[in-house]
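# Structural description and commentary
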Amino acid sequence: MSVTVRIPTILRTYTGGQAEVSAEGANLAEVIESLEKNHTGIAARVLDDQGKLRRFVNVYVNDDDVRFEQGLQTATPDGAGVSIIPAVAGGC
């Protein structure tokens with residue numbers, strides 16, 4: 001399945017500055033694997049050492065937060081939009 005992945009500014013160095021890239025996969029794990037093949041290094045920024053989603057990275061398939069779906073096994077139907085959103089913290 002072909003999906004469009006929205007890349008946050010902080011990760012665009014891996015995609016040659018592109019804000020959106022295409023990836024293949026029937027689920028999120030396969031999409032991340034596809035991203036890594038074409039944009040080496042990006043998976044390490046999204047996944048931890050155990051291969052799970054990093055705690056402070058939010059990923060959405062269409063408008064659904066994968067943490068409340070099936071995580072890396074969340075289906076990514078053809079034409080879906082995947083958004084990678086790093087958590088932002090701060091304040092006074």
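Scroll up to find the structure this text is about.
Read on for a plain summary of the structure. (Residues numbered from 1 in each chain as written. Predicted model: local features only at pLDDT ≥ 70, side-chain atom pairs only at ≥ 80, totals over all residues. Heavy atoms only, no water.)

## Overview of the side chain of His-39
Considering the arrangement of structural elements, one finds His-39 in the loop between α1 (28-38) and α2 (42-46). Judged by its relative accessible area of 12%, His-39 falls in the buried class. (Helix = DSSP H or I, 4+ residues; strand = E, 2+ residues; numbered from the N terminus. Buried < 20%, exposed > 50% of the residue type's maximum accessible area, 1.4 Å probe, protein only.)

## So, the sheet that holds strand β1 (residues 2-6)
Where strands meet in a sheet, backbone hydrogen bonds hold them as pairs that are either parallel or antiparallel. Read across the open sheet, the 5 strands follow the order β2-β1-β5-β3-β4; overall the sheet is mixed. Only two strands of the sheet have a single partner each, and these edge strands are β2 (20-24) and β4 (64-65). Direction of pairing for strand β3 (residues 57-61) relative to strand β5 (residues 81-86): antiparallel, over a ladder of 5 bridges. Bridging across to β5, Val-57 finds its partner in Pro-86. (Pairing = 2+ DSSP bridges.)

## Looking at the pairing of β5
Where β1 and β5 come together, 3 bridges link them in parallel fashion. Paired with Val-5 across the bridge in β5 is Val-82.

## Here we look at the environment of Tyr-14
As for its position among the elements, Tyr-14 is in the loop between β1 and β2. Exposure remark for Tyr-14: the relative accessible area of 24% places this residue in the partly exposed category. It is 20 Å that separates the C-alpha atoms of Tyr-14 and Val-88, two residues lying 74 residues apart in sequence. Dropping the residues within four chain positions of it, Tyr-14 is found in contact with His-39, Thr-40, Gly-41, Ile-42 and Arg-45. (Contact = heavy atoms within 4.5 Å.)

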